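# Breakdown of the fold
Chain residues, written in single-letter form:
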Amino acid sequence: MNWKRTLVILWISDLCCAMGMSLILPFLPLYIEQLGVHQMEAVVRWTGWIFASQFIVAVFFQPLWGSMADKYGRKVMLLRAGFGMGIVTALMGLVNHPWQLLVLRMINGVFSGFISMSVSLQASVTPNEQSGRALGTLQTGLIAGNLLGPLVGGILAEKIGYHHIFFLTGAFVCTAGLLILFFVHEEHQPVAQVKQKNKVSWEIIKPLLPVFIASFVTNVGMMSIEPLATVYAKTLYHGVHLEFFSGLVVSITGMANLIGAPTLGRIGDKIGQRKVLAFALLMAALAFIPQALAGNITTLLVGRFLLGLFIGGMVPSLNVLVKKLAPTEIQGTVYGLNSSSLFLGNFVGPLIGSHVAATWGIRSVFYVTMSILLINSVVVYFNRFLEPNVSRERKMAS
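## Notes on the overall build of the protein
From N to C terminus, the protein includes 19 helices and zero strands. Its C-alpha radius of gyration of 20 Å places the protein within 12% of the 21 Å reference for a compact globule of 398 residues. Here the C-alpha coordinates of the protein stretch approximately 60 × 45 × 30 Å along the principal axes. For the protein, the share of sequence-separated contacts (at least 6 apart) that also reach a separation of at least 24 residues comes to 86%. Here the protein displays about 15900 Å² of accessible surface, and carbon together with sulfur accounts for 68% of that area. Here the protein carries 27 positive and 15 negative side-chain charges, and the mean point of each set is 5 Å from the other.

Below, the structure is given as structure tokens:
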């Protein structure tokens, strides 16, 4: 496959998938209130569990889907995720109680993995020297979808209501599946044809453990506040356009991501992904300070924009490290394991955030998040084994 043509198709598919999934998530607390939960503490706790439930289920299924991708191809796994998630998400528009939404989010976790599998497919066809550029660009499709989704959802929420947005979400995700079905052509070599020595083993996985840990900790830090951003915005803004500003608080980070992701990706190709990842983590941590001290919606928006400039460099850098450290024949499996690390962070982060917010207030979550990212930045910076050439030297020496 031509990697540039594949990048265009996957970019559009990721855009559709991300846009669909982000139409309702920024307004999840408001939707839970509509389902009959009215006390703020209860809304916060339900939001944390419902948001996180999909991710904890996905943790257990991602390695399975990754190994099946090595065996049957990544395109098949993309179709599974696209159509499966689209149908289940549409069903969420029919719920009447929070527990029903929780169950469907868990089922959705079984089908999750569209974005991570698209990254794996793109990485498999992209030359190493172009990996940062390609995966950083691919990340902008996800970012653009997350940017447009909340804004479109904010407008539609006032017009058609939350229930109907779930139907629209399902349609967007199924569209991503259709694009893969008709326009992606994969030349796949089954894992059965690969030599025995390239099977997954502890010796192969061990050098990648720092990447998995960094992926987990990064998402714990980032996702601890995301589900609560709209609740926080509600405490700072009391006007008539609450849905619009709630969506803007989430999407403004995406506006900045569109600048940061491809830029940091290209820089990573030149100076190394480890350095870029450490720098992005540090600056993202510092961007939480104005958010924690915000006294109005404008200050919050400024802090969210600064945060978005550096978020874009995190996940693409980690994905490039996986590509460079893992043997080509088992990259599907390894990307599945890394995806599990990300999903586990997506699960733990909202739970930490919701419980910290319920106990000490929402502002305290910003300080916890900042501390997590600062620690991760220091660990990544001093871990030289995250450099692919250093890892190879250590493997040869052993």
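So much for the structure itself; the text now carries on.
## Things to note about the packing of helix H17 (residues 331–360) against helix H18 (residues 362–382)
Running from N to C, H17 and H18 point in directions that differ by 135 degrees, and their axes come no closer than 7 Å. Viewed along their axes, H17 and H18 adopt a mutual orientation that is oblique. Where H17 crosses over H18, the handedness of that crossing is right-handed. Within the contact between the two elements, H17 uses Ile-352, Gly-353, Val-356, Ala-357 and Trp-360 and H18 uses Ile-362, Ser-364, Val-365 and Val-368.

## Overview of the pattern of salt bridges
A side chain with one charge can pair with a side chain of the opposite charge if their charged atoms come near. Within the structure shown, the criterion is met by one salt bridge. Across the pair Glu-33 and Lys-234 runs a salt bridge whose closest N-O atoms are separated by 3.5 Å. You can see Glu-33 sitting in helix H2 (residues 28–34) and its partner Lys-234 sitting in helix H11 (residues 229–236), a full 201 residues away along the chain. By relative accessible area, which is 23% here, Glu-33 ends up partly exposed. You can call Lys-234 partly exposed: its relative accessible area is 29%.

## Looking at the environment of Leu-28
Locating Leu-28 in the fold gives a position in helix H2. Residues Leu-28 and Gly-345, spaced 317 residues apart in sequence, show a C-alpha to C-alpha distance of 19 Å. Apart from the residues lying within four places of it in its own chain, the contact partners of Leu-28 are Thr-47, Ile-50, Phe-51 and Leu-101.

## Some words on the environment of Ala-357
Inspection of the secondary structure puts Ala-357 in helix H17. Look at Ala-357 and you get buried, because its relative accessible area is 9%. Through-space distance from the C-alpha of Ala-357 to that of Ile-225 is 9.2 Å; in sequence the pair is 132 residues apart. Discounting chain neighbours no more than four positions away, the residues touching Ala-357 are Val-44, Leu-228, Ile-362 and Val-365.

## What to know about the packing of helix H12 (residues 242–271) against helix H15 (residues 297–311)
Direction vectors running N to C along H12 and H15 enclose 30 degrees, while the axes themselves pass 6 Å from each other. In terms of orientation, H12 lies roughly parallel with respect to H15. Handedness of the crossing formed by H12 with H15: right-handed. Along its contact with H12, which presents Phe-245, Leu-248, Val-249, Val-250, Ile-252, Thr-253, Met-255, Ala-256, Asn-257, Ile-259, Gly-260 and Leu-264, the element H15 presents Ile-297, Leu-300, Leu-301, Arg-304, Phe-305, Gly-308, Leu-309, Phe-310 and Ile-311. Per-class residue counts for the contact of H12 with H15 are 16 nonpolar, four polar and one charged.

## Here we look at the nonpolar core
Residues Phe-288, Ile-297, Leu-300 and Val-334 are the most contacted members of the largest nonpolar core, which totals 84 residues. At seven residues, the largest contribution of residues to this core is made by helix H1 (residues 3–22). The contact partners of Val-334, leaving out residues within four places of it in the chain, are Ile-205, Leu-208, Phe-212, Val-322 and Ala-326. Listed in part, the 29 residues of the second largest apolar core include Phe-27, Val-43, Ile-165 and Phe-347.

## Topic: the packing of aromatic side chains
Summed over all chains, the structure comprises six aromatic pairs. Residues Tyr-232 and Phe-366 carry aromatic rings whose centres are separated by 5.0 Å and whose planes lie at 55 degrees to one another, so their mutual orientation is tilted. Here Tyr-232 is found in helix H11, whereas its partner Phe-366 is found in helix H18, with 134 residues between them in sequence. Side by side, Tyr-232 and Phe-366 carry an identical accessibility label, which is buried.

Calculation notes
- Residues numbered from 1 in each chain as written.
- Predicted model: local features only at pLDDT ≥ 70, side-chain atom pairs only at ≥ 80, totals over all residues.
- Heavy atoms only, no water.
- Helix = DSSP H or I, 4+ residues; strand = E, 2+ residues; numbered from the N terminus.
- Rg over C-alpha atoms; globule rule 2.2 N^0.38 Å.
- Contact = heavy atoms within 4.5 Å.
- Areas by Shrake-Rupley, 256 points an atom, 1.4 Å probe, with all protein chains shown as cover.
- Lys, Arg positive; Asp, Glu negative; His and termini not counted.
- Charge placed at Lys NZ, Arg CZ, Asp CG, Glu CD.
- Axes fitted to C-alpha atoms, helices over the stretch in contact; angles between N-to-C directions.
- Parallel < 35°, antiparallel > 145°, perpendicular 65-115°, else oblique.
- Left-handed = near helix turned anticlockwise from the far one by under 90°.
- Salt bridge = Lys/Arg side-chain N within 4 Å of Asp/Glu carboxyl O.
- Buried < 20%, exposed > 50% of the residue type's maximum accessible area, 1.4 Å probe, protein only.
- Nonpolar A, V, L, I, M, F, W, Y, C, P; charged D, E, K, R; others polar.
- Core = buried A, V, L, I, M, F, W, Y, C linked by side-chain atoms within 4.5 Å.
- Phe/Tyr/Trp six-rings, centres within 6.5 Å; stacked < 30°, edge-to-face > 60°.

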